[in-house]
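A structural walkthrough
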Amino acid sequence: MENNKPKVFDENLHSLLEKTPLLFRRFEPDELRHFLMLGHKETYQTDDILVQESEQSKNTAFLIIEGQVSIWSEEIHLADLSAGDFIGETFLFGNGSRTATGKATRHTIVLRFERDEVLHFFRTMPERLFKVFIMNIIEIQQGKIAVMNTKTVQLKRRLLKNEEE
């Protein structure tokens with residue numbers, strides 16, 4: 001993993017600004033630019049680990065700028081994330097452990113966000129923006145729960161069908 005410590009805002013982000021990720025919906029363009037400038041650019045190569053399941057340090061989150069990250073839990077593939085997707089969006093809510101492992105499946109560039117820097121940013125912005133951010137996180141989490149519920153029902157149906165045979 002290559003880590004560029006200075007905060008960055010470069011050409012890779014222009015395409016991101018054209019199609020705003022769900023986490024930043026209802027942000028004004030200047031608000032989004034200022035938020036993205038908090039990010040620390042990191043580069044990962046194929047099979048590099050971004051986050052490790054059960055890892056205690058949960059004070060960071062990642063926005064994928066380019067590339068792809070596969071998400072795994074207990075050696076089961078859960079999802080593939082790409083540009084515009086956020087990993088660890090609940091990082092503002094506490095220090096729990098990571099619930100899954102994120103691994104780059106090809107050359108990947110992310111912006112890493114630190115909880116303390118993000119909270120400081122929101123303290124300097126209108127309160128409306130923090131509320132919008134939190135509502136976006138809740139909407140993302142609701143979407144994930146809906147997907148999990150659908151998968152649970154599908155698995156339960158398969159199990160019941162197998163028991164009947």
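Residues numbered from 1 in each chain as written. Predicted model: local features only at pLDDT ≥ 70, side-chain atom pairs only at ≥ 80, totals over all residues. Heavy atoms only, no water.

Side note on the overall build of the chain
For the record, the criterion: By definition, any uninterrupted DSSP run of H or I lasting at least four residues is a helix, any uninterrupted run of E lasting at least two residues is a strand, and each is numbered from the N terminus. Partly exposed describes any residue whose relative accessible area lies between the buried limit of under 20% and the exposed limit of over 50%, with all areas from a 1.4 Å probe on protein chains only and scaled to the type maximum. Residue burial considers only the protein chains on display, and all accessible areas are found by Shrake-Rupley using a 1.4 Å probe.
The secondary structure content of the chain amounts to four helices and nine strands. By the burial criterion, 39% of the 165 residues in the chain qualify as buried. Entry remark: accessible area of the chain is about 9900 Å², with carbon and sulfur atoms responsible for 53%.

Quick look at the layout of surface pockets
Applicable threshold: A cavity, in this analysis, means grid points on a 1 Å lattice covering only the protein atoms where a 1.4 Å probe fits yet has no way out; a pocket is instead an open set bounded by protein on both sides within 12 Å along at least five of seven lines, and a residue lines either one if it has an atom within 4 Å of a point. Grid points are joined across faces, edges and corners, and a volume is the space filled by probe spheres set on the points.
Looking at the largest pocket, its volume works out to about 1100 Å³. Contributing to the lining of the largest pocket are 35 residues, with Ile-71, Leu-78, Ala-79, Lys-144 and Met-148 lying nearest its centre. Secondary structure elements with two or more residues in the lining of the largest pocket: strand S6 (76-82), strand S7 (86-87), strand S8 (101-104) and helix H4 (127-164). The biggest single contributor to the lining of the largest pocket is H4, with 12 residues.

Quick look at the nonpolar core
The line we're drawing: Definition of nonpolar core: a set of buried residues of the types Ala, Val, Leu, Ile, Met, Phe, Trp, Tyr and Cys, connected through side-chain atoms within 4.5 Å. Whether two residues are in contact is decided by their heavy atoms: any pair within 4.5 Å suffices.
Residues Phe-24, Phe-27, Phe-35, Phe-113 and Phe-133 are the most contacted members of the largest nonpolar core, which totals 25 residues. Broken down by secondary-structure element, the contributors of at least two residues to this core are helix H2 (29-36), strand S4 (60-66), strand S9 (108-114), helix H3 (115-123) and H4. The element best represented in this core is H4, accounting for six residues. Excluding anything up to four places from it in sequence, Phe-27 contacts Leu-32, Phe-35, Phe-122, Leu-129, Val-132, Phe-133 and Asn-136. Judged by nonpolar contacts, the second largest core, of 12 residues, contains Tyr-44, Val-69, Ile-71 and Val-110.

So, the sheet that holds S8
Our working rule: Only when DSSP finds a minimum of two bridges between them are two strands counted as paired. Here an angle of 0 to 180 degrees is reported between the N-to-C directions of two axes, which are lines fitted to C-alpha atoms, with helices fitted over the stretch in contact.
The strand order across the open sheet formed by four strands is S3-S8-S5-S6, and the pairing between neighbours is antiparallel. Bordering the open sheet on either side are strand S3 (49-51) and S6, each of which pairs with just one other strand. Adjacent strand axes in the sheet meet at a mean angle of 30°, parallel and antiparallel pairs treated alike. The sheet contact formed by S3 and S8 spans two bridges and is antiparallel. If you follow Val-51 over to S8, its bridge partner there is Gly-102.

As for the confidence of the model for the chain
Low-pLDDT portions of the prediction should not be read for the details of their coordinates. Basically, it comes down to this: Every residue gets a pLDDT, meaning the predictor's confidence in that residue, from 0 to 100.
Looking at the chain, pLDDT values average 86 and 88% of them are 70 or higher. Contacts from residues 2-9, a stretch scored under 50 in pLDDT, to residues over four places away or in other chains number 24 contacts.

Examining the packing of H2 against H3
A pair of packed helices is captured by two measures, namely the crossing angle of their axes and the spacing between those axes. We count it as follows: With respect to orientation, any angle under 35 degrees is reported as roughly parallel, any angle over 145 as roughly antiparallel, any angle of 65 to 115 as roughly perpendicular, and every other angle as oblique. By convention, the crossing between two helices is left-handed when the near helix turns anticlockwise from the far helix through less than a right angle, and right-handed when the turn is clockwise.
Running from amino to carboxyl end, H2 crosses H3 at an angle of 150°, the nearest separation of the two axes being 11 Å. Taken together, H2 and H3 sit at an angle that is classed as roughly antiparallel. Between H2 and H3 lies a crossing whose hand is right-handed. Across from Glu-31, His-34 and Phe-35 in H2, the residues of H3 making contact are Val-118, Phe-121 and Phe-122.

Re the environment of Ala-79
Its place among the elements puts Ala-79 in strand S6. It is 9.5 Å that separates the C-alpha atoms of Ala-79 and Gly-102, two residues lying 23 residues apart in sequence. Apart from residues no more than four positions distant in its own chain, Ala-79 is found in contact with Val-69, Ser-70 and Ile-71.

Considerations on the environment of Phe-130
With respect to the secondary-structure elements, Phe-130 resides in helix H4. Along the chain, Phe-130 and Phe-27 lie 103 residues apart, while their C-alpha atoms are 9.9 Å from each other. Not counting chain neighbours up to four residues away, the residues in contact with Phe-130 comprise Leu-92, Leu-119 and Phe-122.

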